[in-house]
Amino acid sequence: MNKTLQTFLLGASIAMGVGAIATSPAQAGSLSGATIGGTAANDYLIYDSNSTNTYVVPNTNANLQKVLDGNAASPTGNVELRASSETSGFDFTKNTSLSGTIGGETLTLSSLVDSDWNNNYKDTGKTFGEYWFNQALTANGFGSLVGNTIGTGFYNTFKNNGGFQKFSDPNISYANQDDTTGVISIGLAGHLNATPLLLPYFTQYVNSLPNSPTKMFAGSLITQLANTTTQASEVLKYTYNGQTDYLFSFIATNSGLTELSDAKSHSGNYEVSFQGLVPIKSSTQSVPEPSILLGLLGVGGIFTTRRKFKKVSG
């Protein structure tokens, strides 16, 4: 075999090997070993799904793990933490959590309690509740209300009439990690249009006002809000690698699903994310495919045989 052909075959084999390794798609890890805990460990619901609806299924470990295997393109079912948050006599000091392992690290996702909303949040100079509410107004086109009389009145009515509870019971559809970047993405099932959740509080606030120019102006905003599609996820508390913070979103995609009993819940998928640790790759991940090794060995065998043949002929 002439040297040009030898070089070509060797180069082609190596190129195929490197190409096969380089074009391997980024792997995504998901939450494993999922368990439910917290101070209200029995207060959760598991929703499985078909092509159009989500529906309640028994609270088993198998069902829990199954409904967490979705992604942004197909959220599937979900687990609702602190499912009784909107019932009479609700104890807002207790939480329900979901824990598991992702990328070799422990991740805990939790519902919120009253103190989460009312404690000062980082360096914002506001409680978390105030911070989140202002973010919700701004993201949905009502930022002009932040800090003024109407916005403050709306917030107080929301806070004092169960609004925080309504957004404290996250429905978790999935928790996945990009093995290359380490980013952890979590799907929250919610309402594609959150206006029906917010409008009653604003209407209640306006109705409580005495007749005045403020009430007249606020009344015009009722119609504006009613005709606006707003988006707001429930809030999720997470603990990972010694860090605890909150996750929420004001951008939803259509999940293609609705909850069977009310035909409106779980219609939106709100994906939230944070930077996780990049998983340590095992040594086996850097080993070429067996077919690549065989190809390289085959080329080497041709060269060896050719040299032996020359030697014998000589």
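*Asks:* Account for the overall build of the chain, with residues named and values stated.
*Replies:* For the chain, the helix and strand inventory stands at nine helices and 14 strands. Counting only residues that meet the buried cut, the chain has 42% of its 314 residues in that class. Sequence-distant contacts in the chain: of pairs separated by 6 or more residues, those separated by 24 or more amount to 68%. Carbon and sulfur atoms provide 56% of the accessible area of the chain, an area that totals close to 16,100 Å².

*Asks:* Could you give an account of the nonpolar core, naming the residues involved and the relevant values?
*Replies:* Membership of the largest hydrophobic core comes to 35 residues, with the highest contact counts inside it found for Trp117, Phe128, Trp132, Phe158, Phe167 and Phe202. The element that contributes the greatest number of residues to this core is helix α7 (residues 195-208), accounting for seven residues. In contact with Phe158, other than residues within four places in its own chain, are Trp132, Phe133, Gly163, Phe164, Phe167, Leu198 and Tyr201. Formed by 27 residues, the second largest nonpolar core is a distinct cluster that contains Ile46, Leu109, Tyr270 and Phe274.

*Asks:* Which residues make up the confidence of the model for the chain, and what are the values?
*Replies:* With 81% of its residues at a pLDDT of 70 or more, the chain shows a mean pLDDT of 88. Taken as a whole, residues 12-25 scores under 50 in pLDDT and shows seven contacts with residues more than four places along the chain or in a different chain. Low pLDDT, under 50, characterises residues 308-314; the stretch is placed with zero contacts to residues that sit more than four places away or in other chains.

*Asks:* Requested: an account of the sheet that holds strand β10 (residues 236-240), with residues and values cited.
*Replies:* Ordered in space as β2-β6-β7-β10-β11, the five strands form an open sheet in which the pairing is antiparallel. The open sheet is flanked by β2 (32-37) and β11 (243-247), the only strands paired with a single partner. Each adjacent strand pair in this sheet contributes to an overall mean axis angle of 20°, direction not counted. Relative to β10, strand β7 (residues 105-110) runs antiparallel, the two sharing four bridges. Paired with Leu107 across the strands is Tyr240, a residue of β10.

*Asks:* Tell me about the pairing of β10, and please be specific about residues and values.
*Replies:* Only one face of β10 is buried, namely the one carrying Leu236, Tyr238 and Tyr240, since none of Lys237 and Thr239 on the opposite face is buried. Summarising the sheet, β10 and β11 pair through five bridges and their orientation is antiparallel. Each bridged residue has a counterpart across the sheet, and for Lys237 the counterpart in β11 is Tyr246. If you look at the hairpin formed by β10 and β11, you'll find two residues sitting between the two strands, and Asn241 has a positive phi there, around 50°.

*Asks:* Which residues make up the packing of aromatic side chains, and what values do they have?
*Replies:* Evaluation of the coordinates by the stated rule reveals 24 aromatic pairs. For the pair Tyr238 and Phe274, a centre-to-centre distance of 4.2 Å together with 15° between the ring planes defines the contact as stacked. Note that Tyr238 is positioned in strand β10 and Phe274 in strand β14 (residues 268-275), a separation of 36 residues in sequence. Here Tyr238 and Phe274 have matching classes, each one buried.

*Asks:* Could you give me a rundown of empty space enclosed by the protein, with the residues and numbers involved?
*Replies:* This structure, assessed with the given rule, holds two cavities of 30 Å³ or more. By volume, the largest cavity amounts to about 150 Å³. Around the largest cavity, the lining is made up of 14 residues, and of these Leu137, Phe142, Phe154, Leu198 and Leu225 lie nearest the centre. Breaking the lining of the largest cavity down by element, the ones donating at least two residues are α4 (128-139), α7 and α8 (213-226). By residue number, the principal contributor to the lining of the largest cavity is α4, which donates four residues. Its residues assigned to classes, the lining of the largest cavity comprises twelve nonpolar, two polar and no charged. A volume near 40 Å³ is recorded for the second largest cavity. As for the second largest cavity, its lining consists of Thr54, Pro75, Thr76, Asn78, Ser173, Ala189, Ser255, Leu257 and His266. When the residues that make up the lining of the second largest cavity are grouped by side-chain class, the tally is three nonpolar, six polar and no charged.

Quick notes on the rules
- Residues numbered from 1 in each chain as written.
- Predicted model: local features only at pLDDT ≥ 70, side-chain atom pairs only at ≥ 80, totals over all residues.
- Heavy atoms only, no water.
- Helix = DSSP H or I, 4+ residues; strand = E, 2+ residues; numbered from the N terminus.
- Buried < 20%, exposed > 50% of the residue type's maximum accessible area, 1.4 Å probe, protein only.
- Contact = heavy atoms within 4.5 Å.
- Areas by Shrake-Rupley, 256 points an atom, 1.4 Å probe, with all protein chains shown as cover.
- Core = buried A, V, L, I, M, F, W, Y, C linked by side-chain atoms within 4.5 Å.
- pLDDT = per-residue confidence, 0-100.
- Pairing = 2+ DSSP bridges.
- Axes fitted to C-alpha atoms, helices over the stretch in contact; angles between N-to-C directions.
- Phe/Tyr/Trp six-rings, centres within 6.5 Å; stacked < 30°, edge-to-face > 60°.
- 1 Å grid on protein atoms, 1.4 Å probe; cavity = no way out; pocket = protein on both sides within 12 Å on 5 of 7 lines; lining within 4 Å.
- Points joined across faces, edges and corners; volume = space filled by probe spheres on them.
- Nonpolar A, V, L, I, M, F, W, Y, C, P; charged D, E, K, R; others polar.

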